[in-house]
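Below are the chains, spelled out letter by letter.
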Amino acid sequence: MGDCKDFSNYGNYNEYYTPKYAWENIKHLIPKDKIVWEACMLNSEKSKSGEYLKDLCKEVICDTKMNMLNETPKNYDMIITNPPYESKLKKSILKRLVELDKPFIIIINSMNVYSKYMREIFNEKIKDLQVVNPKLKIHFIKLLENNEIEYKPNTSFYCVYLCYKMNIPNEQLW
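Described in the following lines is the structure provided in the data block.

### Concerning the overall build of the protein chain
For step 1, the next point in the chain: Looking only at helices and strands, one finds four helices and nine strands in the protein chain.
For step 2, the next point in the chain: Each helix and strand of the protein chain, placed in order from N terminus to C terminus, yields the pattern β-α-β-α-β-β-α-β-α-β-β-β-β.
For step 3, the next point in the chain: Its C-alpha radius of gyration of 16 Å places the protein chain within 12% of the 16 Å reference for a compact globule of 174 residues.
For step 4, the next point in the chain: By its C-alpha atoms, the protein chain is 45 × 35 × 35 Å across when sized along the principal axes.
For step 5, the next point in the chain: Residues classed as buried in the protein chain amount to 43% of the 174 residues present.
For step 6, the next point in the chain: Taking all contacts inside the protein chain whose residues are at least 6 apart in sequence as the whole, residues at least 24 apart take part in 73%.
For step 7, the next point in the chain: When the accessible surface of the protein chain is totalled, it reaches about 10,300 Å², and 48% of it is carbon and sulfur.
For step 8, the next point in the chain: Taking the average place of the 26 positive charges on the side chains of the protein chain and the average place of its 23 negative ones, the gap between the two points comes to 3 Å.

### Observations regarding the sheet that holds strand β5 (residues 104-109)
For step 1, the next point in the chain: The sheet built from six strands is open, its strands ordered β3-β2-β4-β5-β9-β6 with mixed pairing. On the outer flanks of this sheet lie β3 (59-61) and β6 (129-132), each paired with one strand and no other. If you compare each strand with its neighbour and ignore which way they point, the axes differ by 30° on average.
For step 2, the next point in the chain: Direction of pairing for strand β4 (residues 78-81) relative to β5: parallel, over a ladder of three bridges. If you follow Thr81 over to β5, its bridge partner there is Ile106.
For step 3, the next point in the chain: Against the sheet, helix α3 (residues 87-100) touches β2 (35-37), β4 and β5, its axis set at about 160° to β5.

### Comments concerning the sheet that holds strand β8 (residues 149-152)
For step 1, the next point in the chain: Taken in spatial order, the three strands make up an open sheet running β1-β7-β8, and their pairing is antiparallel. The sheet is open, and its two edges are formed by β1 (16-17) and β8, each paired on a single side.
For step 2, the next point in the chain: Relative to strand β7 (residues 140-143), β1 runs antiparallel, the two sharing two bridges. Opposite Tyr16, over in β7, you have Lys142 as the bridge partner.

Here is what the cut-offs are and how they apply
- Residues numbered from 1 in each chain as written.
- Predicted model: local features only at pLDDT ≥ 70, side-chain atom pairs only at ≥ 80, totals over all residues.
- Heavy atoms only, no water.
- Helix = DSSP H or I, 4+ residues; strand = E, 2+ residues; numbered from the N terminus.
- Rg over C-alpha atoms; globule rule 2.2 N^0.38 Å.
- Buried < 20%, exposed > 50% of the residue type's maximum accessible area, 1.4 Å probe, protein only.
- Contact = heavy atoms within 4.5 Å.
- Areas by Shrake-Rupley, 256 points an atom, 1.4 Å probe, with all protein chains shown as cover.
- Lys, Arg positive; Asp, Glu negative; His and termini not counted.
- Charge placed at Lys NZ, Arg CZ, Asp CG, Glu CD.
- Pairing = 2+ DSSP bridges.
- Axes fitted to C-alpha atoms, helices over the stretch in contact; angles between N-to-C directions.

Next up, the structure:
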């Protein structure tokens, strides 16, 4: 077991990108007739998340200049994204998602589901949340300092797909 006093040495690192298989794992849950907004792309020019989603959706809005905390596309039906890991930013994004009140699927650390702030943020809308448990652990792609990317098959935490207003049948939650 690790010594908790050392945790501050690890820090949060938000420059991880979603691999294609993470979206392919849930392609059966993504409505084919909807316009999807990949909302957490601000300054993520190296991410291919929007490109991966275009293979699975009718249309994808993916703008690396759009700050989802204060901007939205004119026309979209739902959001599919992987928010940054850092807690303060993630909480702001979750609050914004509640405010937008559109169906969404996001990848999130499974421990966040049990946090006090999830209940505070979603309040009475928590009844509209569903958790889809992936078959295998999701690993991510890291942006290195030299702008190279590297697949990191050693993610130290488990992620789930948090869904809102998707009405997914129970048998598809696993």
